[in-house]
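Read off the chains here:
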Amino acid sequence: MRPKTARGEATRRAILGAAEIVIGRQGYSEASIGSITRQAGVAQGTFYIYFAGKDEVFSELVAEMGRMLRHVIAEATSGFDDRLEAEREGLRAFLTFVSAHPELYRIVQEAQFVDPEAYRAYFRTFAQGYREGLEKAAWEETISAGDAEIRAWALMGVARALGELQVVFNGGHSIDALVETAHDLIENGLRAGVPSGGGDRG
């Protein structure tokens, strides 16, 4: 239930924040509503004022990450007319966000099994916006023409894999190194003889 007062909204946000930490660290199956409310500092009965159960708060967290990420990436790329530069800064914004919110990233990954509908909605919404942006850039001839749908999913795959390297595997690379190496691959491919701008810069 959406609260009608600022105090109610603050309580709901506290529960969501606690659920992000608890579910992100323990996993959906191990996390309990009691552990979430303890983390939030509210009575267990308060949880049910705002959410029907653990499944509802989990689905809301997946949707929340999608909304937050789309906003962060839109803000980071809004000043770039060059699509390739926008790709670079969008990837940087994504990796910065998931590094700051590793629990949310793990929750989205787990959604594939816990809430497949929310998982599909998360990626389809991203893909739609991505495809539209690539189509616009191709029409303006700032990038080459190509199947925007396939390109969108391929570029999302790059970002997702690097996020997993950073969050799940604790890759130890700097965000700058990840961005520059991946951007060089996106811009120049693997063809020999093309100067590389990538590499770990600390």
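Residues numbered from 1 in each chain as written. Predicted model: local features only at pLDDT ≥ 70, side-chain atom pairs only at ≥ 80, totals over all residues. Heavy atoms only, no water.

Asker: I'd like a rundown of the pattern of salt bridges, residues and numbers included.
Answerer: Taken as a whole, this structure holds 14 salt bridges when the rule is applied. With its nearest N and O atoms 3.2 Å apart, the salt bridge here joins Arg131 to Glu149. Here the residue Arg131 occupies a position in helix H7 (residues 116-139), and Glu149 occupies one in helix H8 (residues 148-167), the gap between them amounting to 18 residues. You can call Arg131 partly exposed: its relative accessible area is 23%. Residue classification places Glu149 among the partly exposed positions, given a relative accessible area of 34%. Among the salt bridges present, the one from Lys136 reaches Glu140, with a minimum N-O distance of 2.7 Å. (Salt bridge = Lys/Arg side-chain N within 4 Å of Asp/Glu carboxyl O. Helix = DSSP H or I, 4+ residues; strand = E, 2+ residues; numbered from the N terminus. Buried < 20%, exposed > 50% of the residue type's maximum accessible area, 1.4 Å probe, protein only.)

Asker: Which residues make up the nonpolar core, and what are the values?
Answerer: Ranked by size, the top nonpolar core spans 52 residues in total, and within it Ile23 and Met65 carry the most contacts. Examining the composition of this core, we find that nine residues originate from one element, H7, more than from any other. When residues no more than four places from it in sequence are discounted, the contact partners of Met65 are Phe97, Val98, Leu104, Tyr105, Val108 and Tyr122. (Core = buried A, V, L, I, M, F, W, Y, C linked by side-chain atoms within 4.5 Å. Contact = heavy atoms within 4.5 Å.)

Asker: Could you give me a rundown of the environment of Ser174, with the residues and numbers involved?
Answerer: Locating Ser174 in the fold gives a position in the loop between H8 and helix H9 (175-188). Side-chain polar atoms of Ser174 contact the backbone nitrogen of Ala177, separated by 3.0 Å. (Polar contact = N/O pair within 3.5 Å; in protein donor to acceptor, adjacent residues only side chain to side chain.)

Asker: I'd like a rundown of the packing of aromatic side chains, residues and numbers included.
Answerer: When we look at a pair of aromatic rings, we describe it by the centre distance and by the angle of the planes. Using the criterion set out here, one finds six aromatic pairs in the structure. Consider the rings of Phe47 and Phe51, whose centres lie 5.6 Å apart with planes at 40°: the pair is tilted. Owing to a relative accessible area of 0%, Phe47 belongs among the buried residues under this scheme. One aromatic cluster in this structure is built from Tyr119, Tyr122, Phe123 and Phe126. (Phe/Tyr/Trp six-rings, centres within 6.5 Å; stacked < 30°, edge-to-face > 60°.)

Asker: Talk me through unusual backbone geometry; I want residue IDs and the actual numbers.
Answerer: In the Ramachandran plot, Glu141 falls in the positive-phi region, its phi being about 65° despite a non-glycine side chain. By the secondary structure assignment, Glu141 is in the loop between H7 and H8. Overall, Glu141 belongs to the exposed group, its relative accessible area being 70%.

Asker: Describe the layout of surface pockets, listing the residues and the values that go with them.
Answerer: Approximately 830 Å³ is the volume attributed to the largest pocket. Along the wall of the largest pocket there are 35 residues; nearest its centre are Ile73, Thr77, Arg83, Glu87 and Tyr130. For the lining of the largest pocket, the secondary-structure elements that each account for two or more residues are helix H4 (54-77), helix H5 (83-100), helix H6 (102-114), H7 and H8. Counting residues per element, the lining of the largest pocket draws most heavily on H7, which supplies nine residues. (1 Å grid on protein atoms, 1.4 Å probe; cavity = no way out; pocket = protein on both sides within 12 Å on 5 of 7 lines; lining within 4 Å. Points joined across faces, edges and corners; volume = space filled by probe spheres on them.)

Asker: Let's hear about the side chain of His183: which residues, and what values?
Answerer: Among the secondary structure elements, His183 is positioned in helix H9. Accessibility expressed as a relative area gives 3% for His183, which makes it buried. When near neighbours in sequence (up to four residues on either side) are disregarded, His183 contacts Leu84 and Arg88.

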